[in-house]
Amino acid sequence: MYNRVLILSLLASLSLFLQCTEEDVDVVDALDLRSTYSYIQSDIFDKNCVSCHQSGTTFALQSDLILTSGISYDQLVDRVPKNGAA
């Protein structure tokens, strides 16, 4: 009985696998495989924060926080914030 269930499960899995089309593969290839932090940098910081939090600006000097690409991670991770409420 166990063998019959196993064989049926394998056949069902194989059937689903064989139904994949070239279009399905193109969708996977089109996925942006950036890291989560890369999304945060490009979609949040670069669009909303960098104009104020870049080196030399008043906000960056007051907060001691620079959010430009290549610097922001070190400014945020494993660091004690200058703003005690943060």
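See above for the structure.
This is a predicted model, so every value here is computed, not measured.

Rules of the game
Per chain, residues are indexed from 1 in the order of the written sequence. Thresholds applied to this predicted model are a pLDDT of at least 70 for local features of residues and 80 or more for the giving and counting of side-chain atom pairs; totals over whole chains, interfaces and linings are not thresholded and use all residues. Excluded from the side-chain calculations are hydrogens and water; all other atoms, namely the structure's heavy atoms, are used. Helix and strand definitions follow DSSP, with helices as H or I runs of at least four residues and strands as E runs of at least two, each counted in order from the N terminus. Contacts are residue-level and defined by heavy atoms, with any inter-residue pair within 4.5 Å sufficient. Using a 1.4 Å probe, accessible areas were evaluated by the Shrake-Rupley method; residue-level cover was limited to the displayed protein chains. Think of it in three bands: with a 1.4 Å probe and only protein chains considered, a residue is buried below 20% of the maximum accessible area for its type, exposed above 50%, and partly exposed in between. Without a salt bridge and with relative accessible area above 30%, a residue can belong to a patch; like charges are then joined within 9 Å and nonpolar side chains (Val, Leu, Ile, Met, Phe, Trp, Tyr) within 5 Å. Each reported salt bridge corresponds to a side-chain nitrogen of Lys or Arg within 4 Å of a carboxyl oxygen of Asp or Glu.

Draft legend 1. Broad picture of the overall build of the protein. Within the protein, the regular secondary structure consists of five helices and zero strands. Starting at the N terminus and walking to the C terminus, you meet the elements of the protein as α-α-α-α-α. In the protein, once contacts between residues fewer than 6 apart in sequence are set aside, the share between residues at least 24 apart is 20%. With the model as given, the accessible surface of the protein reaches about 7,200 Å², and the carbon-plus-sulfur share is 61%.

Draft legend 2. Representation of helix α3 (residues 36-49) within the structure. Looking only at α3, the buried set comprises Q41, F45 and C49. In this fold, the buried residues of α3 make contact with α5 (72-76).

Draft legend 3. Up close: a nonpolar patch on the surface. Residues Y73, L76 and V77 make up a contiguous nonpolar surface patch of about 250 Å² in total accessible area. Along the chain, V77 turns up in the segment after α5. Looking at V77, the relative accessible area reads 31%, which means it is partly exposed.

Draft legend 4. Up close: unusual backbone geometry. The backbone phi angle of D64 is positive, close to 55°, even though this residue is not glycine. Tracing the backbone shows D64 in the loop between α4 (58-63) and α5. In this structure D64 comes out as partly exposed when scored by relative accessible area, which is 39%. Positive phi, close to 55°, is recorded for D78, a residue that is not glycine. Looking at the secondary structure, you find D78 in the segment after α5.

Draft legend 5. Representation of the pattern of salt bridges. Using the criterion set out here, one finds one salt bridge in the structure. The partner of D64 in a salt bridge is R79, and the shortest N-O contact between them spans 2.6 Å. You can see D64 sitting in the loop between α4 and α5 and its partner R79 sitting in the segment after α5, a full 15 residues away along the chain. A relative accessible area of 32% means that R79 is categorised as partly exposed.

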